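For reference, the chains in residue letters:
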Amino acid sequence: MVLKIDNMSLDVVRSVIENEINDVYICRDENAVSETYYTLIYIKNHETARDFLDAFERCDSSKNVLIKNFAYQNAFCFLFDYRRERNLEEFYMGKTFSVYRCEEICLRIVLECISTGIPYPLLYEILKQKQINMSKDNSIYFNYQVDLTDFDKKRDEHDCVIKCAIIIKELLKTHEGINSISYNLLNKKIPKNSYVTFNELYKDIKLSVTPDKGAGIISRIKRFLNKHRLFFFNMFIFMCIVVAILAFMVFFSQIVFKDTPIYRLFINTFKTIGTETMLQ
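Here is what the cut-offs are and how they apply
Note on numbering: residues in each chain are counted from 1, in written sequence order. Under the rules for a predicted model, residues below a pLDDT of 70 receive no local features and side-chain atom pairs below 80 are neither given nor counted, while totals for whole chains, interfaces and linings still include all residues. Calculation of side-chain values draws on the structure's entire complement of heavy atoms; hydrogens and water are dropped beforehand. Elements are defined by DSSP. Helices are runs of H or I of four residues or more, strands are runs of E of two residues or more, and each kind is numbered from the N terminus. Buried means the residue's accessible area, taken with a 1.4 Å probe over protein chains only, is under 20% of the maximum for its type, while exposed means over 50%, and partly exposed covers the values in between. The contact definition used throughout considers only heavy atoms, calling two residues in contact when any of these lie within 4.5 Å. Only the protein chains shown count as cover for residues, and the accessible areas themselves come from Shrake-Rupley with a 1.4 Å probe. Strand pairing is assigned whenever DSSP detects at least two bridges linking the two strands. Note on definitions: angles span 0 to 180 degrees between N-to-C directions of axes, and those axes are lines fitted to C-alpha atoms, for helices only across the stretch in contact. Take the buried Ala, Val, Leu, Ile, Met, Phe, Trp, Tyr and Cys residues and link them wherever side-chain atoms come within 4.5 Å; each set so joined is a nonpolar core. Within this document, salt bridges are pairs made up of a side-chain nitrogen of Lys or Arg and a carboxyl oxygen of Asp or Glu, the two lying within 4 Å of each other. Only Phe, Tyr and Trp rings take part, Trp by its six-membered ring, and two of them pair if their centres are within 6.5 Å. Stacked means planes under 30 degrees apart, edge-to-face means over 60, and tilted covers everything else. For a Lys NZ or an Arg CZ to count as sitting over a ring, it must be within 6 Å of the ring centre and within 35 degrees of the ring normal.

What follows deals with the overall build of the protein chain. The number of helices and strands found in the protein chain is nine helices and ten strands. In the protein chain, which comprises 280 residues, the proportion classed as buried is 39%. A sequence separation of at least 24 residues applies to 60% of the contacts in the protein chain between residues at least 6 apart. Surface accessibility of the protein chain: about 17,400 Å² in total, with carbon and sulfur atoms responsible for 56%.

Here we take up the sheet that holds strand S2 (residues 8–18). As summarised here, the arrangement of the six strands in space is S1-S2-S3-S4-S6-S5, forming an open sheet in which the pairing is antiparallel. On the outer flanks of this sheet lie strand S1 (2–5) and strand S5 (68–72), each paired with one strand and no other. Between one strand axis and the next, the sheet turns by 35° as a mean value, whatever way the strands run. Alignment of S5 against strand S6 (residues 75–81), held across five bridges, turns out to be antiparallel.

What follows covers the nonpolar core. Counting residues in each nonpolar core, the largest one holds 53 residues, and the members touching the most others are Ile41, Phe52, Phe80 and Leu201. Among the elements that line this core, the one with the most residues is helix H5 (residues 157–171), at eight residues. Dropping the residues within four chain positions of it, Phe52 is found in contact with Ile41, Ile43, Phe78, Phe80, Leu122, Leu148 and Phe151. Core analysis: the second largest hydrophobic core is formed by 15 residues, Val12, Cys27, Tyr42 and Cys77 among them.

This next bit is on the side chain of Ser135. Of note, Ser135 is situated in the loop between strand S7 (132–134) and strand S8 (140–142). The exposure class of Ser135 is buried, given its relative accessible area of 13%. Residue contacts for Ser135: discarding those within four places in its chain leaves Arg83, Arg86 and Tyr141.

Our next topic: the pattern of salt bridges. One pass over the structure, following the stated rule, counts twelve salt bridges. Where Arg14 meets Glu85, a salt bridge forms, and the shortest distance between an N and an O atom there is 2.9 Å. Taken as a pair, Arg14 in strand S2 and Glu85 in the loop between S6 and helix H2 (88–91) lie far apart in primary sequence, 71 residues in all. We note a salt bridge from Lys130 to Glu89, for which the minimum N-O separation is 3.2 Å. Separated by 41 residues along the polypeptide, Lys130 in the loop between helix H4 (120–128) and S7 and Glu89 in helix H2 bring together distant segments of the chain. In this structure Glu89 comes out as exposed when scored by relative accessible area, which is 53%. A cluster of three or more residues bridged by salt bridges with shared partners is formed by Asp51, Asp54, Arg58 and Lys153.

Applying the stated criterion to the full structure yields eight aromatic pairs. Taking the centre distance of 5.2 Å and the plane angle of 50° together, the rings of Phe52 and Phe56 count as tilted. Remark: Phe56 and Phe52 occur in helix H1 (residues 46–57); sequence separation between them is four residues, near one turn of the helix. Among the residues examined, Phe52 registers a relative accessible area of 0% and is labelled buried. Exposure remark for Phe56: the relative accessible area of 5% places this residue in the buried category. Ring centres 4.5 Å apart and planes at 15° place the aromatic pair Phe80 and Tyr144 in the stacked group. Of the two residues, Phe80 sits in strand S6 while Tyr144 sits in the loop between S8 and H5, which places them 64 residues apart along the sequence. One exposure class covers both Phe80 and Tyr144, and it is buried. The structure contains a cluster of three or more aromatic residues connected by ring pairs, namely Phe52, Phe56, Phe78, Phe80, Tyr144 and Phe151. Geometry around Tyr141 places Arg83 over its ring, the cationic atom sitting 3.7 Å from the centre.

Summarising the element assignment, Met134 is placed in strand S7. Residues Met134 and Phe91 lie 43 residues apart in sequence; the distance between their C-alpha atoms is 7.1 Å. With residues up to four places along the chain from it excluded, the contact list for Met134 reads Arg86, Leu88, Phe91, Tyr92, Phe97, Ile105, Ser139, Ile140 and Tyr141.

Bringing unusual backbone geometry into the picture now. If you check the backbone angles, Asp6 has positive phi at about 55° while not being a glycine. Among the secondary structure elements, Asp6 is positioned in the loop between S1 and S2. Backbone geometry at Asn193 places phi at a positive 55°, although glycine is not the residue there. When you line up the elements, Asn193 lands in the loop between helix H6 (181–189) and helix H7 (198–207). A relative accessible area of 43% places Asn193 in the partly exposed class.

Written out as structure tokens, the structure is:
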């Protein structure tokens, strides 16, 4: 199947999902200068299509996610970027990775949820269907190969953050016990539905990250400086203000009194009287 829309010619190279509600295809744009692939969500159910579009229209940041939407034949199409699948479940080795590395990956999952711009109803389905991928450098990205059978436009950040917390808890389960403070914290908070925003989840994990005992002294220093960068920045600003005040006082004193009293702190007054020195 080839879909021609505007200046694009989308050739379906792979079918991922096919059901009564929606299909998902991987397409190549034959008109692109370089080899370019997209994920196409082909929604056949009109009510679902309306709810899906409404979710994007209510999310200002979704402009960075949805490339194009259009009607084709008797369906509604939504076009997204495609990145090669590298599913987290296949490449995350919790038993092999240190606690610190596992928690860092979990932090990246939360940060991706915060920064991605995906509307919450779709993000919920992505998390539920585990469309989470991990690059070789441990960076996280999402795919859009989702089944919309249970799509609910009323899903909000609270629903998404609880689903994300459950995923993270499972990822950290191999370090259950005293080895992972963050796992124990999630284990207490998830049943109470304590998390409302992703920022709350991020802060809990960030503050309870286990130190990396295997890291070298330079890495530890870097992490310490990074963790306390706000304190050092404030200290730097304070010192700059103090130096600026002292400089102004010296300048003012020199202009008004033709003298700089602060210089006397650095002169041995027992060896100098007025303009005469006792060393002569």
